[in-house]
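Chain by chain, the residues run as shown.
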Amino acid sequence: MAKRVPWDRETRWRRLDTLLAAVIVLGVLAYMYELMVGSRGLDPVYIAANYGLYVTAVTVNLYMTTVAYAVGMTAGFFLGWLRTIRSVPIKKVVHDFRAFADTSSRSKFVLSGALGLTVAWAGLKYLVRRLGDAYVEIIRGTPLFVQILFAWSILVVNFPGLFTNPTSVAFSAGLLALTANTAGYQAEIFRAGLQTVHSGQVEAARALGFSRLGAMRHIVLPQALRLIVPPLTNEYIGLFKASTLVFILGVQTEITFVANRNAFAGHIFEIFAIVTAIFLLITVVLAKVIQALESRFRIPGLGIQQTRAERPRARPLRLPEAPTP
Amino acid sequence: MIRVEGIHKYFGTLHVLRGISLNVAKGEAVVVIGPSGSGKSTLLRCINLLVEPDEGRVFIEDTQVNRPEVRREWVREQVGMVFQSFNLFTHLTAMQNVMLGLTQVKGIPKDEAAAKARQLLARVGLAVKENSYPAELSGGQQQRVAIARALAMDPKAMLFDEPTSALDPEYIREVLDVMTALAREGMTMIVVTHEMGFASNVASRILFVDAGVVIEEGTPEEVFHHPKQERTRSFVGKILR
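All values derive from a computational prediction rather than experimental measurement.

## Focus on the pairing of strand S4 (residues 55–60) of chain B
Residue and element names in this part refer to chain B.
Next, step 1: Relative to S4, strand S1 (residues 2–11) is paired through five bridges, and the arrangement is antiparallel. Paired with Ile 2 across the two strands is Ile 60, which belongs to S4.
Next, step 2: Here S4 runs beside strand S5 (residues 63–64); their pairing, made up of two bridges, is antiparallel. Note that in S5 the partner of Ile 60 across the bridge is Thr 63.

What follows is the structure in structure tokens.
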């Protein structure tokens with residue numbers, strides 16, 4: 001157990017920060033309440049009787065969001081990586097091939113085949129990259145609402161036999177659209193992260209004998225991930241809230257209930273209050289957890305220095321240095 | 001040990017190396033000097049193939065390495081490199097920096113790698129800094145960690161690319177001391193530097209490179225004090241005073 005550090009000035013300010021933030025949030029909420037509900041008041045009996053329904057509905061969103069986010073992250077990483085590489089080294093391909101042909105004793109037939117394959121491979125890589133560009137632009141440029149309907153249409157029109165009931169079609173389509181959407185956005189987040197890591201880091205890794213993939217895994221990605229945690233968190237929260245849109249397909253989410261005016265007439269504000277509270281709770285807790293992780297894994301000396309108080313750690317005794325050999 | 005035969009390198013239309021040849025015997029320390037932009041760094045990078053030469057051949061222990069079928073990763077394991085800007089991995093401690101190549105490239109078990117890393121950090125005089133992150137170290141300390149990191153891979157030769165040019169004057173000494181000790185122990189080294197004291201004491205040969213060609217080659221005494229070429233004379237005159 002870490003020894004409890006007595007509050008220093010920094011820590012006190014930090015506590016005050018948190019308090020102030022809480023006061024502001026609560027103040028804004030109070031104002032929203034006053035503006036929208038006002039003297040009409042909320043029906044506590046309705047809330048007490050029905051909040052469980054909405055909690056259940058939000059778990060559907062949470063589940064969809066998390067699955068879509070995780071799959072989208074994997075796809076987004078590779079897509080983002082792909083997009084960091086802009087040029088096709090045709091010159092290098094030809095040069096390598098010429099060097100190979102010079103030293104090789106293989107027949108003309110084999111060599112021409114090898115050249116064909118090499119050029120085809122370079123061309124394929126080029127094509128995949130341009131497709132990646134197009135994908136990101138399409139995802140960013142069109143509304144999620146349309147994407148959801150599009151995903152649904154694809155499943156219904158192209159795979160009519162795959163699903164046994166409308167609910168599973170709706171759920172799958174929602175998941176597909178959310179995944180495709182977040183992959184596009186996360187690709188850009190990853191691209192930014194990967195491009196921010198200094199090229200000297202890669203060079204040093206390569207000079208030690210790391211492969212391209214090894215350098216990515218052990219040096220670039222760990223650094224990039226730390227840089228992109230805030231936008232990635234943002235993306236998760238955004239996706240979570242956007243996931244409410246899948247109600248249009250009939251997936252049972254909280255908004256479905258809101259939209260179903262006949263069943264819930266007269267309690268619209270209660271429903272909004274419940275949903276708002278659940279979303280706020282989840283996102284605030286999530287943000288706090290991520291914030292803690294962020295300071296735990298932050299790279300010392302990078303960016304604006306945070307206070308030491310946040311990350312106490314055992315430091316070796318500062319002995320006078322041994323003379324160099 | 002290291003042999004370079006007539007290498008040319010183009011960056012676009014820029015002809016950076018114009019047929020450089022170089023032969024470094026085992027245990028030799030060769031210092032490369034020359035004005036900035038003369039291709040010194042590119043020459044070093046061509047040896048461990050961080051930059052692929054467009055023409056010419058590079059040999060390490062009589063194996064031509066710039067052939068497509070030779071794994072580049074293998075080549076770089078044979079030759080350690082130290083950079084002007086250190087390039088320590090910023091998210092890892094000094095110790096982890098030294099260990100990473102051992103565990104991930106060479107596949108050595110963690111405890112063994114840790115023991116070796118400790119030993120190497122002690123060798124460069126940084127045993128007490130093993131848990132410090134690069135940002136918490138001075139430039140000189142960072143560069144010594146970088147040397148330890150390169151040595152950890154048991155390279156057959158070491159390349160130093162202006163290892164002291166990014167350092168404050170007070171830290172240059174400690175890095176040069178480590179390098180001198182390394183040379184005395186018989187490490188094969190190619191050093192791009194403008195530290196004339198170091199070059200005179202340690203180098204078995206000096207290579208003066210300008211505009212991508214070797215202008216003059218000889219012992220420190222010959223190149224610094226009795227240069228044959230006019231260009232060498234004017235360059236040496238500017239840096240020796």
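## Topic: the pairing of strand S10 (residues 213–218) of chain B
Next, step 1: Judged from the five bridges that link them, strand S9 (residues 205–210) of chain B and S10(B) form a sheet pairing that is antiparallel. Bridge pairing in S10(B) places B:Leu207 opposite B:Glu217.

## What to know about the pattern of salt bridges
Next, step 1: If you walk through the whole model with that rule in mind, you get 28 salt bridges over all chains.
Next, step 2: Here A:Arg140 ties to A:Glu188 by a salt bridge, and the two come within 3.4 Å at their closest N and O atoms. Within this pair, whereas A:Arg140 is found in helix H4 (residues 108–141), its partner A:Glu188 is found in helix H6 (residues 166–196), the two being separated by 48 residues in sequence.
Next, step 3: Here A:Arg140 falls in the partly exposed class, since its relative accessible area comes to 36%.
Next, step 4: Residue classification places A:Glu188 among the buried positions, given a relative accessible area of 14%.
Next, step 5: A salt bridge links B:Arg123 to B:Glu185, with the shortest nitrogen-to-oxygen separation between them at 2.6 Å. Highlighted residues: B:Arg123 in helix H4 (residues 110–123) and B:Glu185 in the loop between helix H6 (169–184) and strand S8 (188–192), separated in sequence by 62 residues.
Next, step 6: Overall, the relative accessible area of 32% leaves B:Arg123 in the partly exposed class.
Next, step 7: Judged by relative accessible area, which is 52%, B:Glu185 ranks as exposed.
Next, step 8: Salt bridges here are not isolated pairs; linked through shared partners, they connect A:Arg83, A:Arg130, A:Asp133, A:Glu137, A:Arg140, A:Glu188 and A:Arg191.

## Some thoughts on the nonpolar core
All names here are of chain B.
Next, step 1: Within the largest apolar cluster, 51 residues are counted, with the highest numbers of intra-cluster contacts made by Ile 33, Leu 121, Ile 147, Met 158, Phe 160, Met 179 and Met 189.
Next, step 2: Leaving out residues up to four positions away in the same chain, Ile 33 has contacts with Lys 40, Thr 193, His 194, Met 196, Ile 206, Leu 207, Phe 208, Val 209, Val 223, Phe 224 and Phe 235.
Next, step 3: Core analysis: the next-biggest nonpolar cluster, separate from the first, contains 41 residues, Val 4, Phe 83, Leu 92 and Val 192 among them.

## A closer look at the packing of aromatic side chains
Next, step 1: Taken as a whole and assessed by the stated rule, the structure comprises eight aromatic pairs over all chains.
Next, step 2: Between A:Phe77 and A:Phe190, the aromatic rings sit 5.6 Å apart at their centres with planes inclined by 70°, giving edge-to-face as the arrangement. Within this pair, whereas A:Phe77 is found in helix H2 (residues 44–84), its partner A:Phe190 is found in helix H6, the two being separated by 113 residues in sequence. Of the two residues, A:Phe77 and A:Phe190, both sit in the buried class.
Next, step 3: Three or more aromatic residues link up through ring pairs in this structure, and these residues are A:Phe77, A:Phe78, A:Trp81 and A:Phe190.
Next, step 4: Lying across the ring of A:Tyr126, A:Arg130 places its NZ or CZ 4.9 Å from the centre.
Next, step 5: Positioned above the aromatic ring of B:Phe89, the side-chain terminus of B:Arg149 is 4.5 Å from the ring centre.

## Thoughts on a nonpolar patch on the surface
Next, step 1: Residues A:Leu20, A:Ile24, A:Val28, A:Tyr31, A:Met32, A:Leu35 and A:Met36 make up a contiguous nonpolar surface patch of roughly 730 Å² in combined accessible area.
Next, step 2: Residue position: A:Leu35 is located in helix H1 (residues 9–36).

## Focus: the packing of H6(A) against helix H8 (residues 212–242) of chain A
Two packed helices can be described by the angle between their axes and the distance between those axes.
All names here are of chain A.
Next, step 1: Two elements in contact, H6 and H8, have axes whose closest approach is 8 Å; the angle formed by their N-to-C orientations is 135°. One finds that H6 runs oblique with respect to H8. Crossing hand, H6 versus H8: right-handed. Contacts between H6 and H8 involve Leu 178, Asn 181, Thr 182, Tyr 185, Gln 186, Ile 189, Phe 190, Gly 193, Leu 194 and Thr 196 from the former and Met 216, Val 220, Leu 221, Ala 224, Leu 225, Leu 227, Ile 228, Pro 231, Leu 232, Glu 235 and Leu 239 from the latter.
Next, step 2: Its residues placed into classes, the contact of H6 with H8 shows 15 nonpolar, five polar and one charged.

The rules behind these values
- Residues numbered from 1 in each chain as written.
- Chains lettered and ligands numbered in written order.
- Predicted model: local features only at pLDDT ≥ 70, side-chain atom pairs only at ≥ 80, totals over all residues.
- Heavy atoms only, no water.
- Pairing = 2+ DSSP bridges.
- Helix = DSSP H or I, 4+ residues; strand = E, 2+ residues; numbered from the N terminus.
- Salt bridge = Lys/Arg side-chain N within 4 Å of Asp/Glu carboxyl O.
- Buried < 20%, exposed > 50% of the residue type's maximum accessible area, 1.4 Å probe, protein only.
- Core = buried A, V, L, I, M, F, W, Y, C linked by side-chain atoms within 4.5 Å.
- Contact = heavy atoms within 4.5 Å.
- Phe/Tyr/Trp six-rings, centres within 6.5 Å; stacked < 30°, edge-to-face > 60°.
- Lys NZ or Arg CZ within 6 Å of the ring centre and 35° of its normal.
- Patch = residues over 30% accessible without salt bridge, like charges linked within 9 Å, V, L, I, M, F, W, Y side chains within 5 Å.
- Areas by Shrake-Rupley, 256 points an atom, 1.4 Å probe, with all protein chains shown as cover.
- Axes fitted to C-alpha atoms, helices over the stretch in contact; angles between N-to-C directions.
- Parallel < 35°, antiparallel > 145°, perpendicular 65-115°, else oblique.
- Left-handed = near helix turned anticlockwise from the far one by under 90°.
- Nonpolar A, V, L, I, M, F, W, Y, C, P; charged D, E, K, R; others polar.

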